[in-house]
Amino acid sequence: MALPAENTRYTFADCLTWDESNRIELINGEAIMMAAPSSIHQEISMEISRQLANYLEGKECRVYPAPFDVRLFEKEGDNPDDIDTVVEPDITVVCDRSKIDSHGCKGAPDLIVEILSPSSLRTDRLVKLRLYQRAGVREYWIVDPENRTVQVLLTDHKGMLLPHEEYGKKEVAKVNVLEGCFIELSKVFPE
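On a predicted model such as this, the values are computed, not experimentally measured, just so you know. (Residues numbered from 1 in each chain as written. Predicted model: local features only at pLDDT ≥ 70, side-chain atom pairs only at ≥ 80, totals over all residues. Heavy atoms only, no water.)

Engineer: Explain the environment of K128 here, please?
Structural biologist: Its location among the elements puts K128 in helix α3 (residues 121-135). In this structure, the C-alpha to C-alpha distance between K128 and P67, residues 61 residues apart in sequence, is 16 Å. Ignoring sequence-local partners within four residues, the contact set of K128 consists of E25, V87, E88, E114, T123 and Y140. (Helix = DSSP H or I, 4+ residues; strand = E, 2+ residues; numbered from the N terminus. Contact = heavy atoms within 4.5 Å.)

Structure below.
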């Protein structure tokens, strides 16, 4: 199938027919084209994923770098036609293996990492933050390559994703949902 048309509502069933080389997210039925990531974006993603994968070796949780579809609001018994929100976080950590299937993750992951780019600032800081909060994502990292910072948001007792900590380029960032896991940011943001 060709690229999705504007002003049309789509579902995950439509996504399954699209060319896999196109990076497209669905947010409330709207198809959003994603630009190819920059080299620094990829380097940051690779390093965070590497550190997470090393920590998770032999453990139940798994790390999935993009491209990896997350169907945040899929419930048991939903059909692809029922699902109108499919996001592709830069890095996803899932500890409940029953949420993983051949298409990605169904439901809220435990940790999502988004790496900001000029085209994703508003989406990552506002739109996706609200989606992740509503879905019940426990921890959300917003990585800012320009300022070399990581903002960590955690879900509080009311289900709100709230700022918890901000780390600079030489600090060690704690992964709150993974006991004993820390990310060395000096390796993520090298000089």
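Alright, that's what it looks like, and here's the rest.
Engineer: Please explain the packing of aromatic side chains as it appears in this structure.
Structural biologist: What characterises a pair of aromatic rings is the spacing of the ring centres plus the angle enclosed by the ring planes. If you walk through the whole model with that rule in mind, you get 3 aromatic pairs. Aromatic pair Y10 and W18: ring centres 5.2 Å apart, planes at 75 degrees, arrangement edge-to-face. With a centroid separation of 5.0 Å and an interplanar angle of 80 degrees, the aromatic rings of Y132 and Y140 are classed as edge-to-face. In terms of burial, Y132 and Y140 fall into one category: buried. (Phe/Tyr/Trp six-rings, centres within 6.5 Å; stacked < 30°, edge-to-face > 60°. Buried < 20%, exposed > 50% of the residue type's maximum accessible area, 1.4 Å probe, protein only.)

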